[in-house]
Amino acid sequence: MRVIVDTNLLMLLYSCLSSAVISPFSSSCQLQGRFHLNGMHKAGDVILGGLFEIHFFAAFPELSFTSEPQQPTCHGFDVLGFTQAQTMAFTIDEINRNSNLLPNVTLGYSLYDNCNQLGIGFRAALSLASGQEEQITLYETCIGTPSVLGIVGDDSSTRSIAISNVLGLYRVPMVSHYSTCSCLSDRQKFPSFFRTIPSDAFQVRAMIQILKHFGWTWAGLLISDNDYGLHAARSFQSDLGPSGGGCLAYTEILPWSDNPSELRRIVDVIKKSTARVVIVFAHEGHMIDLMEEVVRQNVTGLQWMASEAWTAAAVLQTPHLMPYLGGTLGIAIRRGEIPGLRKFMLQIRPNPNHNNSYGNNMVNQFWEYIFKCRFAPPPAGWAEAGGALCTGQENLENVESEFLDTLNLRPEYNVYKAVYALAYALHEMLQCEPGRGPFIGNSCADLQAPEPWQLVYYLEKVNFTTSFGDQVAFDENGDVLPIYDIMNWQWLPDGRIKVQNVGEVKKSAFKGEELTLDEDKIFWNFESKEPPRSVCSESCPPGTRMARKKGEPECCFDCIPCSEGKINNKSDSMECTSCPEDFWSSPQRDHCVPKKIEFLSYHEPLGICLTATSLLGTFMCAVVLGIFIYHRKTPIVRANNSELSFQLLFSLKLCFLCSLLFIGRPRLWTCQLRHAAFGISFVLCVSCILVKTMVVLAVFKASKPGGEASLKWFGAVQQRGTVVVLTSVQAAICTAWLVSSSPAPYKNTKYHNDKIVYECVVGSTIGFAVLLGYIGLLAILSFLLAFLARNLPDNFNEAKLITFSMLIFCAVWVAFVPAYISSPGKYADAVEVFAILASSFGLLVALFGPKCYIILLRPERNTKKAIMGRDTTKS
């Protein structure tokens, strides 16, 4: 926080401390010095003070310790400041004429010129608080009535901070119409400060809402080097990011004095930045210097945003600057209407007798400024230079001046509300009934000598509506319900310049902060006639997430595509969200789609081939069975127990059919049945082969001397019983497996992230291993027995065929184990089906192919003689 303090202020503070000398034997204070201040006064029962900027500049004389200090002189008349002072005078006059407000009480005023200087403003405030009486009588209680009960002003945040710091100690209420620094909302430091203008904190939030409305997330900020600008910068830095309004590309402090090199550097920063929006929180004086450099470097294509301090600055609204400032969006104090003010202004008349005094000479100075004349006696050389003398009879209506522009009242409207706030507070204080008051002991204020701190209490409770329809009430920080107009600088086709109201931003107790914009009325100073784009990084589309660039503000980011399985269906999102378990991300990563379902289907080529092969094997078994039934009387069918051959063909048929259970979407019953059917079918098949092998061995053993007894253990009943027992063991294994840990369908997502592989988990690996192991045990036993019988007589011997078929069977299932383990998803089922079909075809072809060949193609060999003859010869 920067506060300008000059040597005159130090003298002022010294004067305040030593201005009254109190003798221990006296009962009065003697005024040791007087501040000669430019002001206007009106007597009344209650006096309200006012501090206004009537002049722009002040000249301080050099300090001298040998003579009486000289008073500063003010120059550079400010018509707007004088208009605000006259507005206060009019408002008090209007209140005095209102019989319903402060009846029987006449308000007066003391208005002082602060000359836009902290020291002079401070002197004026102390004069209002302590008075200018030559002698003050002290009572035993050391209590006195202040000169004024409340002050309207000041119009500068820096001066208000300094003045309120002192007056707040004595709870003298100040109601400012133009001090916007957010720091003044601190009730601990400024307990008696109020204002009828929104704080900069709200103005900053209003600008952030405009940025958000147009999607401007990348902006530059220029501020003045005082409380007004520095606090605004802090508010921007703290509020912009969390509100989602964007980031500041740069923050630069504008120099106070003419500093070409610094201005050149700042404009270079603006020109090199990618931010197309420039926010300026400064006064019009700063903007004049800045725009000279902007014009010199011809920096165009920018969207300017103005704070309320320069939104209405006519000095910047020129054809020379409009190519650069055209289309500016600015925050402006709420416009209001004050009926009767223009008429009051036109009744102002100067008093030549006050020209050389420090009394009511503001009107005279205004008159000289407006009519370019001087009251007698004029300055030396004035008449010789052709200057006119003021008569006091000049007509204000004949002069074009913003003084009479009562249709565009902004700070004046705030003055109007401030005076009424003090008046309503005073009215409520005077309406207090003894015994029902808000103070200690339910007391009321002393109506003969009211205290400022008592008025502060009633100011906090003020709530009224102006004739223009605006509600006035103060919150716990002394801030009024905020409302701003949004203005647009328009360069019309005919060359005229117009500042158009295009919306408003306000805060209400129920709806919060609201932005209203009429975009059709906005003039954009760009070829496209559309709002510009001002972003550090383009918006990240759905399907991507934002990743901040290292070392850059959060508005500068890269757009990273969402990883597989994650999606983002919003723009500018920081995170991607994972899809549910049964869903996967779309190729665009902007929505989740159901995962593809994979299983060995009847509709895909692989499933169709395996199904066709299974049915082909079943058909071949049926054909062979038909051939054997048709030729069941022939020796080759009857040889070696034709019943076992029929059982073997039936079991092979079951083996072919059980492969169909592995095709199609796995369900609980198919998962349970497929392995049980597979295990039992193959055990039935291998059992038949094993019994056939054992019968071959028994027959040849019986053909030898003394071996007839061996055949009684291999009769038809024993053969059937052996097959049933061996098959029953497998059935028991399957039953135990299904009961203990049954196979079940399972949605496997491990193989493919974007697919759900439906498969049957075996449940118990041990059960599955025992099932396969039992089949393998019987197959190996059959192979060994057949291998031992391979050298028996050929025509009678089936052992070679069994050996070859068991060799094929074992080879297929040995190869199945590693292939099954390494095959994912549906291919594991395909491998198992292939193993079933391959081994089944191997058994069918190896065992029944030669016999069918003889039956169908070599019937001459299908005789008992042909089968037995060779063996007889050998014998």
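Small disclaimer: the values here were computed from a predicted structure and weren't measured.

Criteria and thresholds
- Residues numbered from 1 in each chain as written.
- Predicted model: local features only at pLDDT ≥ 70, side-chain atom pairs only at ≥ 80, totals over all residues.
- Heavy atoms only, no water.
- Helix = DSSP H or I, 4+ residues; strand = E, 2+ residues; numbered from the N terminus.
- Contact = heavy atoms within 4.5 Å.
- Pairing = 2+ DSSP bridges.
- Axes fitted to C-alpha atoms, helices over the stretch in contact; angles between N-to-C directions.
- Phe/Tyr/Trp six-rings, centres within 6.5 Å; stacked < 30°, edge-to-face > 60°.
- Expected span 1.5 Å × (residues − 1).
- Buried < 20%, exposed > 50% of the residue type's maximum accessible area, 1.4 Å probe, protein only.
- Patch = residues over 30% accessible without salt bridge, like charges linked within 9 Å, V, L, I, M, F, W, Y side chains within 5 Å.
- Areas by Shrake-Rupley, 256 points an atom, 1.4 Å probe, with all protein chains shown as cover.
- Salt bridge = Lys/Arg side-chain N within 4 Å of Asp/Glu carboxyl O.
- Lys, Arg positive; Asp, Glu negative; His and termini not counted.
- Charge placed at Lys NZ, Arg CZ, Asp CG, Glu CD.
- Polar contact = N/O pair within 3.5 Å; in protein donor to acceptor, adjacent residues only side chain to side chain.

1. Quick notes on the side chain of Ser823
Next, step 1: Here Ser823 lies in the loop between helix H20 (799-822) and helix H21 (826-857).
Next, step 2: Once you skip the residues sitting within four places of it in the chain, Ser823 turns out to touch Ala828 and Val831.

2. Overview of the sheet that holds strand S32 (residues 755-761)
Strands in a sheet are paired, the pairing made by backbone hydrogen bonds, and the direction either parallel or antiparallel.
Next, step 1: Ordered by their spatial adjacency, 3 strands build an open sheet running S30-S32-S31, and the pairing between neighbours is mixed. Among the strands making up the open sheet, the edge pair consists of strand S30 (596-598) and strand S31 (744-748). Between one strand and the next, the sheet's axes are offset by a mean angle of 25 degrees, whatever the strand orientation.
Next, step 2: Sheet topology places S31 next to S32; 5 bridges connect them, and they run antiparallel. Each residue of the ladder has a partner; that of Lys747, found in S32, is Tyr758.

3. Describing the packing of aromatic side chains
Next, step 1: For the coordinates displayed, the defined rule picks out 38 aromatic pairs.
Next, step 2: Ring geometry for Phe439 and Tyr458: centres 6.2 Å apart, planes at 80 degrees, overall edge-to-face. Remark: Tyr458 occurs in helix H13 (residues 452-460) and Phe439 occurs in the loop between helix H12 (411-430) and H13; sequence separation between them is 19 residues.
Next, step 3: Taken together, the ring pairs in this structure connect Phe678, Phe682, Trp737, Phe768, Phe809, Trp813, Phe816 and Tyr820 into an aromatic cluster.

4. Describing helix H5 (residues 200-214)
Since there are 3.6 residues in each turn of an α-helix, residues three or four apart along the chain are aligned in direction.
Next, step 1: Taking 1.5 Å as the rise per residue, H5 with 15 residues should run 21 Å; its terminal C-alpha atoms sit 21 Å apart, in good agreement.
Next, step 2: With respect to burial, H5 is a largely interior element, 12 of its 15 residues being buried.
Next, step 3: For H5, the complete set of buried residues consists of Asp200, Ala201, Phe202, Gln203, Val204, Ala206, Met207, Ile208, Gln209, Ile210, Leu211 and Phe214.
Next, step 4: Residue Gly215 follows H5 closely and has a positive phi angle near 70 degrees.

5. Section: a nonpolar patch on the surface
Next, step 1: Together, Leu615, Phe650, Leu654 and Leu657 give the surface a local cluster of nonpolar side chains, amounting to about 330 Å² of exposed area.
Next, step 2: With 3 residues, helix H16 (residues 642-658) is the largest single contributor of residues to the nonpolar patch.
Next, step 3: Here Leu657 lies in helix H16.
Next, step 4: On the basis of relative accessible area, Leu657 is assigned to the partly exposed category, the value being 35%.

6. Digging into the sheet that holds strand S11 (residues 193-195)
Next, step 1: Judged by pairing direction, the sheet is mixed, and its 6 strands sit side by side in the order S3-S7-S4-S9-S10-S11 without closing on themselves. What marks the edges here is a single partner per strand, and that holds for strand S3 (39-42) and S11. On average, each strand axis in the sheet is inclined to that of its neighbour by 20 degrees, with strand direction left out of account.
Next, step 2: Bridge count for strand S4 (residues 46-52) against strand S7 (residues 107-113) is 7 bridges, and the pairing is parallel. In the strand pairing of S7, Leu51 is matched with Tyr112.

7. Observations concerning a positive patch on the surface
Next, step 1: Together, Arg632, Lys633, Arg638 and Lys864 give the surface a local cluster of positive charge.
Next, step 2: Counting through the fold element by element, Arg638 comes out in helix H15 (residues 635-638).

8. Some words on the pattern of salt bridges
Next, step 1: If you walk through the whole model with that rule in mind, you get 26 salt bridges.
Next, step 2: In this structure, Arg205 and Glu513 form a salt bridge, with 2.5 Å as the shortest nitrogen-oxygen distance. With Arg205 in helix H5 and Glu513 in strand S23 (residues 512-517), this residue pair connects regions lying 308 residues apart in the sequence.
Next, step 3: The closest approach of N and O atoms between Asp582 and Lys747, which form a salt bridge, is 3.0 Å. Taken together, the residues Asp582 in the loop between strand S27 (577-578) and strand S28 (583-585) and Lys747 in strand S31 connect sequence positions 165 residues apart.
Next, step 4: A cluster of three or more residues bridged by salt bridges with shared partners is formed by Arg334, Arg410, Asp470, Asp485, Glu504 and Lys506.

9. Quick notes on the environment of Gln203
Next, step 1: Within the fold, Gln203 resides in helix H5.
Next, step 2: We classify Gln203 as buried; its relative accessible area is 0%.
Next, step 3: As for Gln203 and Phe236, which are separated by 33 residues in sequence, their C-alpha atoms are 10.0 Å apart.
Next, step 4: The contacts of Gln203, once residues within four sequence positions are left out, are Tyr228, Phe281, Ser307, Glu308, Ile331 and Tyr484.
Next, step 5: At a separation of 3.0 Å, a polar atom in the side chain of Gln203 contacts the side chain of Asp200.

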